[in-house]
Amino acid sequence: METAAFDVEVFLWMTLGAAFTLFTLSFLYKDNPLYKIAEHTVVGVSAGYFLVILYYNGLRPNLLNHLFVPETWTPKFDELWYLVPLFLGMAMWTRFSRKWAWVSRYPIACYFGIATGVAIPNEMKNRVVEQINGTVLRVGFEFSQSGFLGVPQGIWDIVLVILVLASLVYFFFSKEHKGWFGGIAKVGIYTLMIGFGASFGYTVMARVSLFIQRMQYLRDWLDMI
Amino acid sequence: MRKLALICVVMVLAFLPPPLLGEVDSALLQDSVTVDLPEPPAPPGNVTATDNPNDNGRAIRVTWELSADDTTGMKNVIGYRINRAEARDAADSLWTEASDILPSGTTEFIHSGDGEEDGPDYFAKNYDFYYRVHALTADTFSVSAVVGPVQAKDNWYNTGVTFVLLFVALFIILTVTFVRIARKGKELYIRPLAGIEAVDEAIGRATEMGKPTLYILGLGSAADIATIASFAILSRVAKKVAEYQTPLLVPCYEPFVMTVAQDTVRAAYMDAGRPDDYDEDSVYFVTSSQFAYVAGVMGTMIREKPATNFYLGMFHAESLLLAETGAMIGSIQIAGTDQIAQLPFFVVACDYTLIGEELYAASVYLSREPVLLGTIKAQDWAKAVVVGTILAGLLARLLVDLDFIKTVFEVSV
């Protein structure tokens, strides 16, 4: 019977991975030097890694390649408007000087202005209009079609609409939640909590599967030893 | 007898091997190969190429009528392929493939790209292009007539989001109206929120215990609405912390968020009349890697043992890890996010949770400024409009043609 050749490099990397897994899990006992090693290593490595990623995936393609010829680094003059983001970015460096730190507020103001302008229509579309759309257009009121638990789909559609409206009522802030209004709001918060419960169970299952994957990794490592 | 002799001659000729047939028979054989070539399908008809509407000028819409052999006739068309060239009479080698093979029955294709000139998907705007459509069978094809020139053009207005524009306009009108009412001095009621009312109590607890307050802005960028809302709350919390002279820790996931958070906290300390107490290192960058950030913050929690933790902003899978660690060390925890999938974890592990829009409203609750109260009132009216629109839409669905309702409510980008 043929046996796979023992690869020292693979073994060392797997051992390192297993060690860091165990170091991290040691947090469940209490804070300890092994967890600190894992924590500081992963924070340091990731910070350095993201700096490089940011340079190659962000700064170079979105800015530097428009101002310089990539291979020779000779300046290009056909897209000079890219100097504006260059200056705004450099203005952030003035934060290191107490005297000139105020300059950094200009790029921050530009960023917020543009981001908010972009966010308003997007948020209105995704969180308001498409919700209305989903409620109005996706509900069919098909009473002849059997739905969940054998109850006609049309009944579920009515329940859906009622619960959507009750949930909306819960988020009314300028009216006291008392009387009939409070009753509807209570239905709304119960709806939200039922939804949260379902979501919680679903996500915990996904997390458990991640944990199982990690345990399988440790098992594979033990098999190698 | 003559008939019998003729049959014998024909039979002998039929059984002779091909080399003995000579040149004439080879030619006959070649003719038979030509006859066996597959017959091309009928070409797609009525091809059109037009600028794709409501876009940034990087797409062209090509339509055609099905080949007569697609679902009818020989029924052997397996798909279509779109070709593009820069001249009507371009040589075949200059026609490039604009699409993969589209399945049979397809009558439309939007050829799109981007503005990255050096990239593989570059699509020039305001430039003449010509298109043709191939109908493909398993072993041959036919080509439609060439259409064009056609140019991709920028569109200033996207008609697909008119409904969104109406809502934005309505919301602006409501906001301006209620802010003006509030400015005139009219008192506006807002119902109490337990999570907000607990903020002062939570900071007071940290002060009594002599331990820091931990404020986490989440993993969102500075442009996310939840993060913007969180900055406003951070300002109020930092002011209170400055007044109580309690340490504050703000570990940040994003460098830009850290920058804004530093300015926010500094301004809050100045408002509280304690600018000298502000420690720039209290607002610091950890890393932009999700779980490395979690590891770092969890370590901080275990070592610093903050008495109060705030998790306000945009959170993802780290929500439960952070909140669980906070619960483990006995902190009082107030959380809030608009990420629906993460709310259950905060509800389970935190003392108070601000659900969705409650987070947006929290800064108003903390400041109680009359003008900001006007925005809360406007939000409520906007929600009333949403409720009314849903009810009207459902009623209309039952009474009017569905297609008409779809044109009103459907949103496309």
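Student: Which residues make up the overall build of chain A, and what are the values?
Tutor: If you tally the helices and strands in chain A, you get 6 helices and 0 strands. Whereas a compact globule of 225 residues would reach a radius of gyration of roughly 17 Å, chain A reaches 28 Å, over 25% beyond that. For chain A, the spread of C-alpha atoms along the three principal axes comes to 65 × 65 × 40 Å. A total accessible area of about 15,200 Å² is found for chain A, and carbon and sulfur atoms account for 71% of it. Across chain A, the centroid of the 17 positively charged side chains sits 16 Å from that of the 15 negatively charged ones.

Student: Go over the overall build of chain B with me, naming the residues and quoting the values.
Tutor: Looking only at helices and strands, one finds 12 helices and 15 strands in chain B. Counting over 413 residues, chain B shows a buried share of 48%. When contacts within chain B are restricted to residue pairs at least 6 apart in sequence, long-range pairs at least 24 apart make up 68% of them. Here chain B displays about 20,600 Å² of accessible surface, and carbon together with sulfur accounts for 59% of that area.

Student: Give me the interface of chain A and chain B: which residues, what numbers.
Tutor: Across the boundary between the two partners, chain A contributes 60 residues, which contact 74 residues of chain B. Interface of chain A and chain B: buried area, both sides summed, is about 5,700 Å²; carbon and sulfur atoms make up 71% of it. In this assembly, chain A and chain B are joined by 4 salt bridges. A salt bridge links B:Asp263 to A:Arg95, with the shortest nitrogen-to-oxygen separation between them at 3.2 Å. The tally of links from chain A across to chain B stands at 18 residue pairs in polar contact (both at pLDDT 80 or more). Among the elements of the structure, helix 2 (33–67), helix 4 (105–138), helix 5 (153–170) and helix 6 (179–224) of chain A are those that each provide at least two residues to the side of chain A that touches chain B. With 22 residues, helix 4 of chain A is the largest single contributor of residues to the side of chain A that touches chain B. In the side of chain A that touches chain B, the residues fall into 37 nonpolar, 11 polar and 12 charged.

Student: Account for the domain arrangement of chain A, naming residues and giving values.
Tutor: In many reports, interface size means the accessible area that the parts give up when they come together. Residues and elements named next belong to chain A. Here the domain parsing of chain A yields domain 1 (1–78), domain 2 (81–138) and domain 3 (147–225). Between the C-alpha centres of domain 1 and domain 2 there is a distance of 29 Å. Counting residues at the interface gives 5 residues for domain 1 and 5 residues for domain 2. Summed over both sides, the interface between domain 1 and domain 2 buries roughly 420 Å², with carbon and sulfur atoms accounting for 80% of that surface.

Student: Go over the nonpolar core, please, and point to the residues and values.
Tutor: Residues and elements named next belong to chain B. Formed by 60 residues in total, the largest nonpolar core has its most connected members in Tyr215 and Leu217. For this core, the leading source of residues is helix 5 (residues 225–244), giving 9 residues. Once you skip the residues sitting within four places of it in the chain, Tyr215 turns out to touch Ser230, Ile233, Leu234, Val237, Leu248, Leu249, Val250, Pro251, Phe310 and Leu312. In terms of nonpolar packing, the next biggest core, distinct from the first, is built from 28 residues, Tyr253, Ala295, Ala335 and Phe345 among them.

Student: Can you explain unusual backbone geometry? Please cite residues and give values.
Tutor: The residue A:Trp73 is not glycine, and still its phi comes out positive at about 60°. Positionally, A:Trp73 belongs in the loop between helix 2 and helix 3 (83–91).

Student: So what's going on with the sheet that holds strand 13 (residues 308–314) of chain B? Which residues, and what values?
Tutor: All names here are of chain B. Reading across from one edge, 12-11-10-13-14-15 is the order of the 6 strands in this open sheet, with parallel pairing throughout. This sheet does not close on itself; its edge strands, each paired only once, are strand 12 (283–285) and strand 15 (352–355). For this sheet the average axis-to-axis angle between neighbouring strands, irrespective of direction, equals 15°. Pairing of strand 11 (residues 248–252) with strand 12, which is carried by 3 bridges, proceeds in the parallel orientation. If you follow Pro251 over to strand 12, its bridge partner there is Tyr284. Relative to the sheet, helix 6 (residues 255–271) contacts strand 10 (213–218), strand 11 and strand 12, its axis offset from that of strand 12 by approximately 170°.

Basis of the calculations
Residues numbered from 1 in each chain as written. Chains lettered and ligands numbered in written order. Predicted model: local features only at pLDDT ≥ 70, side-chain atom pairs only at ≥ 80, totals over all residues. Heavy atoms only, no water. Helix = DSSP H or I, 4+ residues; strand = E, 2+ residues; numbered from the N terminus. Rg over C-alpha atoms; globule rule 2.2 N^0.38 Å. Areas by Shrake-Rupley, 256 points an atom, 1.4 Å probe, with all protein chains shown as cover. Lys, Arg positive; Asp, Glu negative; His and termini not counted. Charge placed at Lys NZ, Arg CZ, Asp CG, Glu CD. Buried < 20%, exposed > 50% of the residue type's maximum accessible area, 1.4 Å probe, protein only. Contact = heavy atoms within 4.5 Å. Buried area = accessible area lost by both parts, 1.4 Å probe. Salt bridge = Lys/Arg side-chain N within 4 Å of Asp/Glu carboxyl O. Polar contact = N/O pair within 3.5 Å; in protein donor to acceptor, adjacent residues only side chain to side chain. Nonpolar A, V, L, I, M, F, W, Y, C, P; charged D, E, K, R; others polar. Domains from an automatic or database assignment. Core = buried A, V, L, I, M, F, W, Y, C linked by side-chain atoms within 4.5 Å. Pairing = 2+ DSSP bridges. Axes fitted to C-alpha atoms, helices over the stretch in contact; angles between N-to-C directions.

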